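Here is what each chain is made of, one letter per residue.
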Amino acid sequence: MSDQYSNNGPDYSAALSHYVSRSSVAERYDLMPMKVRKAVFPAAGLGTRFLPATKAQPKEMLPIVDKPIIQYGVEEALAAGCDQIIIVTGRGKQAIEDHFDVSYELEKMLEERKKTDLLKIVRSISDMIHLAYVRQKEALGLGHAVLMARELVGDEAFAVLLADDVIDAREPCLKQMMRVFEETQCSVVATQVVEGPAISVYGVLDVKPADGRFDGKLFEVNNMVEKPKPEEAPSKLAIIGRYILTPRIFEILASTPHGTGGELQLTDALRALLKEQRIYAYVYEGRRYDAGDKLGFLKATVEFALKRPDLGEKFREYLKGLNP
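Here the structure is a predicted model, which means the values were calculated and not measured.

S.K.: Which residues make up the overall build of the protein, and what are the values?
M.R.: The helix and strand tally for the protein stands at 12 helices and 14 strands. In terms of overall size, the protein behaves like a compact globule, its C-alpha atoms giving a radius of gyration of 20 Å where 324 residues would be expected to give roughly 20 Å. Dimensions along the principal axes, computed over C-alpha positions, put the protein at roughly 65 × 45 × 45 Å. Burial analysis of the protein (324 residues in total) assigns 50% to the buried set. Looking at the protein alone, contacts between residues at least 24 apart form 79% of all its contacts between residues at least 6 apart. In the form shown here, the protein has an accessible surface area of approximately 16200 Å², with 52% of it arising from carbon and sulfur atoms.

S.K.: Give me the packing of aromatic side chains: which residues, what numbers.
M.R.: For the structure on display, the rule yields six aromatic pairs. The interplanar angle of 80 degrees and the centroid separation of 6.2 Å between the aromatic rings of Phe214 and Tyr282 together place this pair among those described as edge-to-face. With Phe214 in the loop between β10 (203-209) and β11 (218-226) and Tyr282 in strand β13 (residues 279-283), the pair connects residues that are 68 residues apart, well separated along the chain. A residue is classified by how much of its surface remains accessible, and Phe214, at 5% relative accessible area, is buried. Ring plane angle 10 degrees and centroid distance 6.3 Å describe the contact between Phe315 and Tyr318, whose orientation is recorded as stacked. With Phe315 and Tyr318 both in helix α12 (residues 312-320) and three residues apart, this pair spans about one turn of that helix. Phe315 gets classed as partly exposed once you look at its relative accessible area, which sits at 24%. Connected via pairs of aromatic rings, a cluster forms that spans Tyr72, Tyr289 and Phe304. Stacked on the ring of Tyr72, the Lys or Arg Lys67 has its end atom at 4.7 Å from the ring centre.

S.K.: Can you break down the packing of helix α9 (residues 248-255) against helix α10 (residues 266-273) residue by residue, with the values?
M.R.: Packing of α9 against α10 leaves a shortest axis separation of 9 Å and a crossing angle of 115 degrees. Here the hand of the crossing between α9 and α10 comes out right-handed. Taking contact as the criterion, the partners of Arg248, Ile249, Ile252 and Leu253 in α9 are, on α10, Leu266, Ala269, Leu270, Ala272 and Leu273. Classifying every residue of the contact of α9 with α10 gives eight nonpolar, no polar and one charged.

S.K.: Tell me what's going on with the packing of helix α4 (residues 104-112) against helix α5 (residues 116-126), and back it up with residues and numbers.
M.R.: One way to put it is that α4 packs onto α5 with a least axis distance of 9 Å and a crossing angle of 155 degrees. Considering the angle they form, α4 stands roughly antiparallel to α5. Handedness of the crossing formed by α4 with α5: left-handed. Every residue of α5 that contacts α4 at Leu106, Glu107, Leu110 and Glu111 is listed here: Leu118, Leu119, Val122, Arg123 and Ser126. Along the lines of polarity and charge, the residues of the contact of α4 with α5 split into five nonpolar, one polar and three charged.

S.K.: Let's hear about unusual backbone geometry: which residues, and what values?
M.R.: The step from Leu51 to Pro52 runs through a cis peptide bond, and the omega angle for that step is 10 degrees. At Gln185, a residue that is not glycine, the phi angle is positive and equals roughly 60 degrees. At Asp215, a position not held by glycine, the phi torsion is positive, near 55 degrees. Mapping Asp215 onto the fold places it in the loop between β10 and β11.

S.K.: Tell me what's going on with the nonpolar core, and back it up with residues and numbers.
M.R.: Ranked by size, the top nonpolar core spans 59 residues in total, and within it Phe41, Ile64, Ile70, Ile85, Ile87, Leu174 and Ile244 carry the most contacts. A total of six residues in this core trace back to one element, the largest contributor, which is helix α8 (residues 173-184). Apart from the residues within four sequence positions on either side, Ile64 is in contact with Ile69, Tyr72, Val166, Ala291, Phe297, Ala300, Thr301 and Phe304. Of all hydrophobic cores here, the second largest spans 33 residues; its members include Val146, Phe158, Ile239 and Ile249.

S.K.: If you had to explain the pattern of salt bridges to someone new, which residues and values would you point to?
M.R.: Inspection of every chain in the model, using the stated rule, returns 24 salt bridges. Salt-bridge contacts for Asp83 lead to Arg37; the nearest nitrogen and oxygen are separated by 3.6 Å. Residue Asp83 is located in the loop between α2 (69-79) and β5 (84-89), and its partner Arg37 is located in the loop between α1 (22-26) and β2 (38-42); the two are separated by 46 residues in the primary sequence. Assessed through its relative accessible area of 30%, Arg37 is described here as partly exposed.

S.K.: An account of the state of the cysteines is needed here, citing residue identities and associated values.
M.R.: What the rule picks out here adds up to zero disulfides. Cys82 takes part in no disulfide bond, and the closest cysteine sulfur, belonging to Cys173, lies 12 Å away.

S.K.: Would you mind going over the pairing of strand β7 (residues 158-161) in detail, with residue names and values included?
M.R.: Here β7 shows two buried faces, one formed by Phe158 and Val160 and the other by Ala159 and Leu161. Direction of pairing for β2 relative to β7: parallel, over a ladder of three bridges. Considered in β7, the bridge of Lys38 is made with Phe158.

Cut-offs used in this document
- For every chain, the first residue of the written sequence is number 1, and numbering continues from 1 along that sequence.
- In view of the model being predicted, local features appear only for residues whose pLDDT reaches at least 70, and side-chain atom pairs are presented and counted only at 80 or more, with totals across whole chains, interfaces and linings using the full set of residues.
- Excluding hydrogens and water, the side-chain values take into account all heavy atoms of the structure.
- To qualify as a helix, a DSSP run of H or I must reach at least 4 residues; to qualify as a strand, a run of E must reach at least 2; elements of each kind are numbered from the N terminus.
- Just to be clear, the radius of gyration here is over C-alpha atoms, and the globule rule we use is 2.2 Å times residues to the power 0.38.
- Note on classification: 1.4 Å probe, protein chains only; a residue is buried when its accessible area is under 20% of the maximum for its type, exposed when over 50%, partly exposed between these limits.
- Note on contacts: a residue pair is in contact if any heavy atoms of the two residues lie within 4.5 Å.
- Calculation of accessible area relied on Shrake-Rupley with a 1.4 Å probe; when residues are assessed, cover is drawn exclusively from the protein chains displayed.
- Two aromatic rings, drawn from Phe, Tyr or Trp (for Trp, its six-membered ring), form a pair once their centres lie within 6.5 Å of each other, and the interplanar angle then sorts them: stacked below 30 degrees, edge-to-face above 60, tilted otherwise.
- Whether a charge sits over a ring depends on NZ of Lys or CZ of Arg being within 6 Å of the ring centre and within 35 degrees of the ring normal.
- Axes here refer to lines fitted to C-alpha atoms; in helices the fit is confined to the stretch in contact. Angles between the N-to-C directions go from 0 to 180 degrees.
- When the near helix sits turned anticlockwise from the far one by under a right angle, the crossing is termed left-handed; a clockwise turn instead gives a right-handed crossing.
- Any residue outside Ala, Val, Leu, Ile, Met, Phe, Trp, Tyr, Cys, Pro, Asp, Glu, Lys and Arg is labelled polar, Gly included; the first ten of those are nonpolar and the last four are charged.
- Angle categories are assigned with fixed cut-offs, so that under 35 degrees is roughly parallel, over 145 is roughly antiparallel, 65 to 115 is roughly perpendicular, and the rest are oblique.
- Each nonpolar core is a collection of buried residues, namely Ala, Val, Leu, Ile, Met, Phe, Trp, Tyr and Cys, held together in the definition by side-chain atoms within 4.5 Å.
- In what follows, salt bridge is the name for a side-chain nitrogen of Lys or Arg lying within 4 Å of a carboxyl oxygen of Asp or Glu.
- Pairs of cysteine sulfur atoms within 2.5 Å are identified as disulfides in what follows.
- Strands are labelled as partners when DSSP assigns at least two bridges between them.

What follows is the structure, given as structure tokens:
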């Protein structure tokens, strides 16, 4: 599986033509525009691709340089304007809760030893944002994990971020998607072009251009296929781990049959949602790393380290000195 791609394009800060018909809005709940305030992080997976490291610790807590994978996603959601984070956890995920909680003993020790810089870093994590947790007792698929957040989300639009997908972007990927949602009031999925056989490990989109809006980066979804054979893929546009969903998805998930292995797939529910509401796909600007894959994780670690002002120069010299 190819673990890293780029979506590079112009600055998206200038929104293009604005068009939302009353009829398309009426297809949804009412004429009051929805805002996205809550972000859901499914984090109950077993992390089998990183065994044995994940035998006793969550894969979401593996560090890219010195920051856990999941913190990159939480910071992205915060930068996009979300003020509530919901993490769907499972057995053995206590370390995630501890990471974002107050650590009195550590803070006291750092304060007593006058290590103010480290104390600031530690406190910035616990003060970052309001977090809530819900337990997924069984690993029954992404759709099931999202459904577990239903009571905490309520009847409002929300974002879903898969922590494995770390996206390095000038403007956070989710913030780019927020602009699309604010204009369309429809569900939005992040997408990128994937070439060759690697397309078969993704959900793949059948799309049509959305009237050239957002510099041609926006598409209306006709259908989606989960992990097709390369020759049967409807396009090269793969679904990436960022979603903005309308609350109708919860009712659909609750009535969607479980598929292979007893799992409830989000793709199946989105396909059903398409019968009632529009869904858009947005080709985001940024560089994505599959941090749930060993090679992708290593690439992310190297490239993030090279960008660090405190590490980059020395690390670059070290890499140059390695034998080929």
